[in-house]
Amino acid sequence: MSFNAATLRKVAEAGIRRASTLASGANAQQAAGKIAAKLEPVIYTGKVVAEVGKQVYHAEKLAPPALATLAEAQTVATNLVQAVRSGAFKKWSNQDLVKGSILAGEALTFFLLGEIVGRRSLIGYDV
């Protein structure tokens, strides 16, 4: 069953009728009216976000990672953990350490930027 604006409007109107018959007074009808009024912009915004997401997905030629890529990442991570546990990292050259530090810093930066965007706040959480 596809939900378009007309279908959701009918559902909201049916909810208004049920709310008005179950609860006496204008409060229930006012609450249902507010919900119905906010329903259409939410649907519109959802459709816009989905369409923009599709366009970005196609424009950037995004695709889920292949299983071989995931297996390779797991192998690299396992080797890194083993090197740290065995102390083999002490034999790495300075150039390798600098490259690793830069990559770790980039990963941390992208994580923190994602947190800031997700929270929509630079400092702390909006409560």
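Computed from a predicted model, the values in this text were never measured in an experiment. (Residues numbered from 1 in each chain as written. Predicted model: local features only at pLDDT ≥ 70, side-chain atom pairs only at ≥ 80, totals over all residues. Heavy atoms only, no water.)

## A closer look at the overall build of the protein
And then number 1: When you go through the protein residue by residue, the secondary structure sums to four helices and zero strands.
And then number 2: Shown N-terminal to C-terminal, the secondary structure of the protein runs as helices and strands in the order α-α-α-α.
And then number 3: The buried share among the 127 residues of the protein stands at 7%.
And then number 4: When the accessible surface of the protein is split by element, carbon and sulfur atoms take 64% of a total near 11,000 Å². (Helix = DSSP H or I, 4+ residues; strand = E, 2+ residues; numbered from the N terminus. Buried < 20%, exposed > 50% of the residue type's maximum accessible area, 1.4 Å probe, protein only. Areas by Shrake-Rupley, 256 points an atom, 1.4 Å probe, with all protein chains shown as cover.)

## With respect to the packing of aromatic side chains
And then number 1: Under the counting rule described, the total for this entry stands at one aromatic pair.
And then number 2: Ring plane angle 70 degrees and centroid distance 6.4 Å describe the contact between Phe-89 and Trp-92, whose orientation is recorded as edge-to-face.
And then number 3: Assessed through its relative accessible area of 32%, Phe-89 is described here as partly exposed. (Phe/Tyr/Trp six-rings, centres within 6.5 Å; stacked < 30°, edge-to-face > 60°.)

## What about helix 3 (residues 67-86)?
And then number 1: Under the 1.5 Å per step criterion, the end-to-end length of helix 3 is 29 Å for 20 residues, consistent within 8% with the ideal 28 Å.
And then number 2: Looking one or two places after helix 3, you find Gly-87, whose phi comes out positive at around 85 degrees. (Expected span 1.5 Å × (residues − 1).)

## With respect to the confidence of the model for the protein
Any segment with low pLDDT has predicted coordinates that should not be analysed in fine detail.
And then number 1: In this model, the protein carries a mean pLDDT of 81, and residues with pLDDT of at least 70 account for 83%.
And then number 2: The element-level mean pLDDT for the protein is lowest in helix 1 (residues 5-22), coming to 67, with helix 3 highest at 91. (pLDDT = per-residue confidence, 0-100.)

## Details of a nonpolar patch on the surface
And then number 1: Nonpolar side chains collect at one region of the surface, where Tyr-44, Val-48, Val-52, Val-56, Tyr-57 and Leu-62 lie side by side and expose about 550 Å² of accessible area between them.
And then number 2: Assignment of secondary structure puts Tyr-44 in helix 2 (residues 26-59). (Patch = residues over 30% accessible without salt bridge, like charges linked within 9 Å, V, L, I, M, F, W, Y side chains within 5 Å. Salt bridge = Lys/Arg side-chain N within 4 Å of Asp/Glu carboxyl O.)

## Here we look at unusual backbone geometry
And then number 1: The backbone of Lys-61 sits at a positive phi, close to 55 degrees, despite the residue not being glycine.
And then number 2: Following the sequence through the fold, Lys-61 ends up in the loop between helix 2 and helix 3.
And then number 3: Its relative accessible area of 74% is what places Lys-61 among the exposed residues.

## Overview of helix 4 (residues 94-119)
Side chains of residues three or four places apart in an α-helix project in the same direction, reflecting 3.6 residues per turn.
And then number 1: Over its 26 residues, helix 4 extends 37 Å from the first C-alpha to the last, a length consistent with the 38 Å expected when each residue adds 1.5 Å.
And then number 2: Phi for Arg-120, located one or two positions after helix 4, is positive at around 60 degrees.

## Points about the environment of Asn-4
And then number 1: Relative to the assigned elements, Asn-4 resides in the segment before helix 1.
And then number 2: Distance from Asn-4 to Ile-43, taken between C-alpha atoms, is 8.2 Å for residues 39 residues apart in sequence.

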